[in-house]
Amino acid sequence: MRSSAMRDMMAITARPEIISLAGGLPDTSTFPVSAFTEEMARIASGKVPEVLQYGPTEGSELVREQITRVMKAEDMLVDVADVTVTTGGQQAIDLITKVLIDPGDVLICDAPTYPGALPTFYSYEADIIQIECDADGMRMDILESTIASLAEQGRKPKFIYSVPTFQNPGGVTLSLERRKRLVQIARENEILIVEDNPYGLLRYEGETLPTLYALDGGAYVVYLGTFSKILSAGLRIGWVVAPPPIREKVVLGKGASDLCTSTLTQDFAGHYFDKGHWREYVEDLIGIYRNRRDAMTGAMSEYFPHGATWNKPEGGLFIWATMPDVLDTSDMLAKAIGKGVAFVPGTSAYVDGRGASSMRLNFSGVREDEIIEGIRRIGAVAREQLDLYETMTGSQEMKLPPLDADGNPERPS
Ligand SMILES: Cc1ncc(COP(=O)(O)O)c(C=O)c1O
């Protein structure tokens, strides 16, 4: 059992004086109070005994139906019978790993990968192989050569776990060409893909791409979803869509873990989606998060040191930034927390210590003014560390611009 860097930081980042760019928190303050009150009043006025009771392990019929409708919005046609409701997308990752992995089995994932998945993979003693991602997502040439060299050793991955759309943590999206190739590789080699897609509906610009599930039709792709980022993380509702032999084991695994997902929150979510207004709320979120993303990239251009790089994702909640390679973001984090800002160091997204100069930055959880201030503080820490490096090594490599009266880097006018 290992801890997750993000969970360890939750207590620190919950302190009000800290601007947390570390979590993956949706902005729940934007959820319409009237919609919340309406659902709660409906439950209180007649369904209390029902929602205080256990429910079926695979989830309530209504929520499962609504899940198929939400998936239809991303062009996926799903049979209600193939849907298992889970306690958040996190339990979906846990259950699929529990069902498929025996100790020592190979599992392939993105490099970097979702930091919250790694403790799950470790807990089932998977042999984790990470495949490098570039701006178009997971590199298919490296994936193919890895599968081939594993085959030479008589080994075959149990599954390929990927967040192909607006990846957590890298923000990158797997290109259409690579999506098609990935599904083809899975079929040719008879390897399952586990597609984790919490962010697909949060697109701020660019063209929508088909999910791996839509391309494959569900034969080789097991699909994981969640309502955390389009409704609420606190309701803890996610799901797995898998063909019958896997689904049956997932339900057995879930029964062993927690018997069923909360009947109360399933009732809330089932009726909320049934009313059909959820798309409007997602549209609101898209507008808010797009502005926050732009605020973050704008502040990075202003405050991050020369040599730092970052991407501008077309959707999702995260930006991946890389500092000049003499900087270690784990060292920077301690200083950053001292200055009242937090981020996730890049190493937590790798199994082998890579990512030491990188960081994951979340732009959904705090307001634009806080994002700008948070980035300014991280920029100040980077600057101090670079100054120290230059003093100690006599290097002028970074050629930092002089500071203005406010302690910020001077920009050419
Ligand atoms: C890629 C990915 N999968 C799964 C989860 C888990 O989400 P939840 O358990 O809240 O549904 C997250 C949360 O940030 C995530 O980014």
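Mind showing me how you'd approach the packing of helix α4 (residues 61-72) against helix α11 (residues 263-274) here?
Two numbers describe a pair of packed helices, the interaxial angle and the distance between the axes. With their axes 9 Å apart at the nearest point, α4 and α11 run at an angle of 45 degrees to one another. Taken together, α4 and α11 sit at an angle that is classed as oblique. Considering the relative orientation of α4 and α11, their crossing is left-handed. Facing Leu62, Val63, Gln66, Arg69 and Val70 of α4, the residues of α11 in contact are Gln266, Gly270, His271, Phe273 and Asp274. Class assignment of the residues belonging to the contact of α4 with α11 gives a composition of 4 nonpolar, 4 polar and 2 charged.

Help me out: how do you make sense of the pattern of salt bridges in this one?
In a structure, side chains of opposite charge can pair up when their charged atoms sit close to one another. Overall, the coordinates contain 30 salt bridges when judged by the stated rule. Of the charged contacts in the structure, one is a salt bridge between Asp105 and Lys158, with a shortest N-O distance of 2.5 Å. Taken together, the residues Asp105 in the loop between α5 (88-100) and β3 (106-111) and Lys158 in the loop between α7 (140-152) and β6 (159-162) connect sequence positions 53 residues apart. With relative accessibility at 19%, the residue Asp105 sits in the buried group. A residue is classified by how much of its surface remains accessible, and Lys158, at 31% relative accessible area, is partly exposed. A salt bridge links Arg367 to Asp369; the nearest nitrogen and oxygen atoms lie 3.0 Å apart. One connected set of salt bridges, linked through shared partners, spans Glu38, Glu39, Arg42, Lys47, Glu50, Asp267 and Lys275.

So what exactly am I meant to see when it comes to the nonpolar core here?
Proteins that are soluble and globular tend to have nonpolar side chains buried together. Residues Leu21, Leu143, Phe227, Leu361, Ile375 and Ile378 are the most contacted members of the largest nonpolar core, which totals 90 residues. Listed in part, the 26 residues of the second largest apolar core include Ile93, Ile96, Leu192 and Ile246.

For this particular structure, what's the right way to read the packing of aromatic side chains?
The description of an aromatic ring pair uses the distance of the two centres, along with the angle that the planes make with each other. Scanning the model with the defined rule gives 14 aromatic pairs in all. A centroid spacing of 5.9 Å and a plane angle of 90 degrees characterise the contact between Tyr199 and Phe318, whose relative ring orientation is edge-to-face. Pair noted here: Tyr199 is in the loop between β7 (192-196) and α9 (212-216) and Phe318 is in strand β11 (residues 318-322), with a separation of 119 residues, a long-range link. One exposure class covers both Tyr199 and Phe318, and it is buried. Between Phe304 and Trp310 the ring centres are 5.9 Å apart and the planes differ by 85 degrees, which places this aromatic pair in the edge-to-face class. Taking the relative accessible area as the measure of exposure, Trp310 reaches 30% and is therefore partly exposed. Put simply, the rings of Phe31, Phe227, Trp239, Tyr272, Phe273, Trp278 and Tyr281 touch in pairs and so form one group of aromatic residues.

Looking at this structure, I do not really get α11. What am I missing?
Over its 12 residues, α11 runs 16 Å from end to end, which matches the ideal 16 Å to within 8%, given 1.5 Å per residue. Burial runs high along α11: 9 of the 12 residues are buried. Of the residues making up α11, those classed as buried are Thr263, Thr265, Gln266, Asp267, Phe268, Ala269, Gly270, Tyr272 and Phe273. Looking at the buried positions of α11, the neighbouring elements they touch are α2 (33-44), α3 (48-51), α4, β2 (83-86) and α12 (278-303). The opening residue of α11 is Ser262, an N-cap whose side-chain oxygen sits 3.3 Å from the backbone nitrogen of Leu264. The first or second residue beyond α11 is Gly276, which carries a positive phi of 85 degrees.

Is there a simple way to explain the environment of Pro243 in this structure?
Within the secondary structure layout, Pro243 lies in the loop between β9 (238-241) and α10 (244-258). For the pair Pro243 and Ala81, spaced 162 residues apart in sequence, the C-alpha to C-alpha distance is 9.2 Å. Residues within four places of Pro243 in sequence aside, it is in contact with Gly218 and Ala219.

Any chance you could explain the site of the ligand here in plain terms?
Looking at the ligand, there are 14 residues lining it, with Gly89, Asp196, Tyr199, Thr226 and Ser228 nearest. Within the backbone of Gly89, a nitrogen or oxygen atom sits 2.6 Å from an oxygen atom of the ligand. Within the side chain of Arg236, a nitrogen or oxygen atom sits 2.7 Å from an oxygen atom of the ligand. In isolation the ligand has 400 Å² of accessible area, and contact with the protein removes 92% of it. No other element matches the 4 residues that α5 contributes to the shell around the ligand. Of the residues in the shell around the ligand, the class split is 5 nonpolar, 6 polar and 3 charged.

What should I look at first to understand the sheet that holds β11 in this one?
Two modes of strand pairing occur in sheets, parallel and antiparallel, and in both the strands are linked by backbone hydrogen bonds. Taken together, 4 strands build an open sheet; the order of strands is β10-β11-β14-β13 and the sheet is antiparallel. Sheet topology places β10 (309-310) and β13 (344-345) at the edges, where each strand pairs with a single neighbour. Bridge count for β13 against strand β14 (residues 358-362) is 2 bridges, and the pairing is antiparallel. Each residue of the ladder has a partner; that of Val344, found in β14, is Arg360.

Explain the packing of α7 against helix α8 (residues 176-189) here, please?
Running from amino to carboxyl end, α7 crosses α8 at an angle of 10 degrees, the nearest separation of the two axes being 10 Å. In terms of orientation, α7 and α8 fall into the roughly parallel class. Only Arg178, Arg181, Leu182, Ile185 and Asn189 of α8 make contact with α7, whose side of the interface consists of Met140, Leu143, Glu144 and Ile147. Partitioned by chemical class, the residues of the contact of α7 with α8 number 5 nonpolar, 1 polar and 3 charged.

Would you take a moment to explain the state of the cysteines for this structure?
A disulfide bridge is the covalent bond that connects two cysteines by way of their sulfur atoms. Per the stated rule, a full pass over the model turns up 0 disulfides. With no disulfide of its own, Cys133 lies 9.0 Å from the sulfur of Cys109, the closest cysteine sulfur.

Any chance you could explain the sheet that holds strand β5 (residues 137-138) here in plain terms?
Taken together, 8 strands build an open sheet; the order of strands is β2-β9-β8-β7-β6-β3-β4-β5 and the sheet is mixed. Each edge of the open sheet is held by one strand with a lone partner, namely β2 and β5. Contacting β3, β4 (127-134), β5 and β6, α7 runs over the sheet at an angle of about 155 degrees to β4. Each of β2, β7, β8 (221-226) and β9 touches α10; the most contacted strand, β2, lies at about 25 degrees to it.

Conventions we followed
Residues numbered from 1 in each chain as written. Predicted model: local features only at pLDDT ≥ 70, side-chain atom pairs only at ≥ 80, totals over all residues. Heavy atoms only, no water. Axes fitted to C-alpha atoms, helices over the stretch in contact; angles between N-to-C directions. Helix = DSSP H or I, 4+ residues; strand = E, 2+ residues; numbered from the N terminus. Parallel < 35°, antiparallel > 145°, perpendicular 65-115°, else oblique. Left-handed = near helix turned anticlockwise from the far one by under 90°. Contact = heavy atoms within 4.5 Å. Nonpolar A, V, L, I, M, F, W, Y, C, P; charged D, E, K, R; others polar. Salt bridge = Lys/Arg side-chain N within 4 Å of Asp/Glu carboxyl O. Buried < 20%, exposed > 50% of the residue type's maximum accessible area, 1.4 Å probe, protein only. Core = buried A, V, L, I, M, F, W, Y, C linked by side-chain atoms within 4.5 Å. Phe/Tyr/Trp six-rings, centres within 6.5 Å; stacked < 30°, edge-to-face > 60°. Expected span 1.5 Å × (residues − 1). Polar contact = N/O pair within 3.5 Å; in protein donor to acceptor, adjacent residues only side chain to side chain. Near = heavy atom within 4 Å. Areas by Shrake-Rupley, 256 points an atom, 1.4 Å probe, with all protein chains shown as cover. Pairing = 2+ DSSP bridges. Disulfide = S-S within 2.5 Å.

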